[in-house]
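# Observations on the model geometry
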Amino acid sequence: MSPDDQSPVTRGAKFLGVLVALRAAARAVGRRGHEPPPPARESDIDPSQRTLPANPRTETLVGVLLLVAAVFAFAFTVIYIVSSGDTQLLGIAMGGALCLLAVACIVAGKFVVPQETHVEERGQLLDEEQTEEVVEMIAEGGQGISRRALLVGAGGVAGVAVVTAAATPLASLGPTLGPLHRTPWAAGVGLVDDQGRLYLASDIHIGTFYTALPEDKDPESFGAGILVVRLPADFIALPAARRDWAPNGILAYSKICPHAGCAISLYRYPTYAPTSQVPAFTCPCHYSTFLPGEGGRLVFGPAGRALPQLPLMIDGDGHLRAAAGFHEDIGPSWWGVHRAQS
Ligand code: FES
């Protein structure tokens, strides 16, 4: 049978076979063209490319950056302890430390540590030979560094400083350290209004509440603002140890809610005795409610304890003064907040 005698079906099958063969050949060529280059071997790497020459000036720069970062981080701790929680300064100190640390790492990574480029061979995991190579590579990372002691020392100091700064806020949980335990109120400190005028006991009227500040002290310091009210004797039932804390029925309490630290700004005073409840301070954040007549007792809301009370006295001129500091720590509660003073 001549080729011309082939049926259309036979001719179509042959054509299909040729197409399949061509496609397989194209794939083989394509694969070869995209094969990854063989991995670089240790001996292929030009030694001059493997390590940077020692660069003492850059190393000194890195050391200085690390030390300045350490200064900023230590400053965070110092500011935390000595200032009244100045958050702007704290932010500048911690932010500066982290920025300088980052710059030091970038400079060290770019100009101090040797730069190498390897094409990684995908072999089996945990290949012993490769593991050794990695260990070797890490060891070689220190080559070309002439001021190793400076960098290690500065890095160590910066690390200690940053860790100390990060751990410093934990001190607030303890009993004695930190601004949270100090307020400007102490025996003899006068109560003044926002114009700095001393309050007379006669200025305090039943049915309203007053905000007082400490005389000659920073009005923005922690715990400076207090609530002052006068109550009729019927509404006063203080614990026995506090009987003389409310001269002429005038009582003072911390203005900072012991739940989450909002400023207490609502005062409920009964105007229709048959249906009204006793006088109370209410925090607008989550409605914790405290009774000033009962030593700041918590009667509603999520605060975990009573409102800290400030003992008062009236001096010879009729001015209101603190008779002592707060009987316990003020502000949001933590597990060690109750101190043996009440
Ligand atoms: S902060 Fe006052 S109730 Fe939550």
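Residues numbered from 1 in each chain as written. Predicted model: local features only at pLDDT ≥ 70, side-chain atom pairs only at ≥ 80, totals over all residues. Heavy atoms only, no water.

All right, on to the overall build of the chain then. Looking only at helices and strands, the chain features six helices and eleven strands. Buried positions account for 34% of the 342 residues belonging to the chain. Put simply, 61% of the contacts in the chain that link residues at least 6 apart link residues at least 24 apart. Surface accessibility of the chain: about 20,100 Å² in total, with carbon and sulfur atoms responsible for 62%. (Helix = DSSP H or I, 4+ residues; strand = E, 2+ residues; numbered from the N terminus. Buried < 20%, exposed > 50% of the residue type's maximum accessible area, 1.4 Å probe, protein only. Contact = heavy atoms within 4.5 Å. Areas by Shrake-Rupley, 256 points an atom, 1.4 Å probe, with all protein chains shown as cover.)

Two strands pair when backbone bridges link them, and strand 7 (residues 289-291) and strand 8 (residues 297-300) are joined in this way by three bridges, in the antiparallel orientation. Bridge pairing links T289 to F300 in strand 8. Connecting strand 7 to the next strand, strand 8, in antiparallel fashion are five residues, including G295 with a positive phi near 75°. (Pairing = 2+ DSSP bridges.)

With that settled, the discussion passes to a nonpolar patch on the surface. On the surface, L67, F74, L150, V157 and V160 cluster together to form a nonpolar patch covering roughly 360 Å² of accessible area. Going through the elements one at a time, helix 3 (56-82) and helix 6 (148-167) are the ones with two or more residues in the nonpolar patch. No other element matches the three residues that helix 6 contributes to the nonpolar patch. Its relative accessible area of 34% is what places F74 among the partly exposed residues. (Patch = residues over 30% accessible without salt bridge, like charges linked within 9 Å, V, L, I, M, F, W, Y side chains within 5 Å. Salt bridge = Lys/Arg side-chain N within 4 Å of Asp/Glu carboxyl O.)

Attention shifts here to the sheet that holds strand 8. Here we have four strands laid out as an open sheet, ordered 5-6-7-8, and antiparallel in their pairing. Each edge of the sheet is formed by a strand with only one pairing partner; in this case those strands are strand 5 (266-268) and strand 8. For this sheet, the mean angle separating the axes of adjacent strands, direction not counted, is 30°. Where strand 5 and strand 6 (residues 280-282) come together, three bridges link them in antiparallel fashion. Pairing of Y267 across the sheet is with F281, part of strand 6. (Axes fitted to C-alpha atoms, helices over the stretch in contact; angles between N-to-C directions.)

The next thing to look at is the environment of G188. Position of G188 among the secondary structure elements: in the loop between helix 6 and strand 1 (191-192). Expressed as a C-alpha distance, the spacing of G188 and A323, which sit 135 residues apart in the sequence, is 6.0 Å. When neighbours within four sequence positions are excluded, G188 is seen to be in contact with M313, R321 and A322.

What follows covers the confidence of the model for the chain. Taken over all residues, the pLDDT of the chain has a mean of 80, while the share at 70 or more is 75%. Throughout residues 1-5 the model reports pLDDT below 50, and contacts reaching past four residues in sequence, or to other chains, amount to one contact. In this model residues 28-45 is a low-confidence stretch, pLDDT under 50, and it forms nine contacts with partners more than four residues away in sequence or in other chains. (pLDDT = per-residue confidence, 0-100.)

With the rule as written, the count across this model stands at five salt bridges. For R197, the salt bridge goes to D193, with nearest N and O atoms at 3.3 Å. The class of R197 is exposed, set by a relative accessible area of 52%. You can call D193 buried: its relative accessible area is 13%. Between R321 and E215 there is a salt bridge; the shortest N-O distance is 3.1 Å. With a gap of 106 residues between them, R321 in strand 11 (residues 320-322) and E215 in the loop between strand 2 (209-214) and strand 3 (226-230) connect regions that are remote in the sequence. A residue is classified by how much of its surface remains accessible, and E215, at 23% relative accessible area, is partly exposed. Where salt bridges share partners, they join E215, D315 and R321 into one cluster.

Glancing now at helix 4 (residues 87-112). Over its 26 residues, helix 4 runs 36 Å from end to end, which matches the ideal 38 Å to within 8%, given 1.5 Å per residue. Among all positions in helix 4, only L90, A93, M94, G96, A97, L100, A104, V107, A108 and V112 are buried. As for helix 4, its buried residues are in contact with helix 3 and helix 6. (Expected span 1.5 Å × (residues − 1).)

Another point: the state of the cysteines. One pass over the full model with this rule turns up one disulfide. C262 shares a disulfide with C285; S-S distance 1.9 Å. Judged by the sign of its S-S torsion, about -95°, the bond between C262 and C285 is left-handed. Here C262, found in the loop between strand 4 (250-254) and strand 5, pairs with C285, found in the loop between strand 6 and strand 7; they are 23 residues apart in sequence, far enough to count as distant. A relative accessible area of 22% means that C262 is categorised as partly exposed. In this structure C285 comes out as partly exposed when scored by relative accessible area, which is 32%. (Disulfide = S-S within 2.5 Å.)

A separate point is unusual backbone geometry. With phi around 55°, N248 is a residue other than glycine that occupies positive phi space. N248 sits in the exposed class, given a relative accessible area of 55%. If you check the backbone angles, Y287 has positive phi at about 65° while not being a glycine. Within the secondary structure, Y287 sits in the loop between strand 6 and strand 7.

Side chains of E128, E129, E132, E133 and E136 sit close together on the surface and give a patch of like negative charge. Its location among the elements puts E129 in helix 5 (residues 128-140). (Lys, Arg positive; Asp, Glu negative; His and termini not counted. Charge placed at Lys NZ, Arg CZ, Asp CG, Glu CD.)

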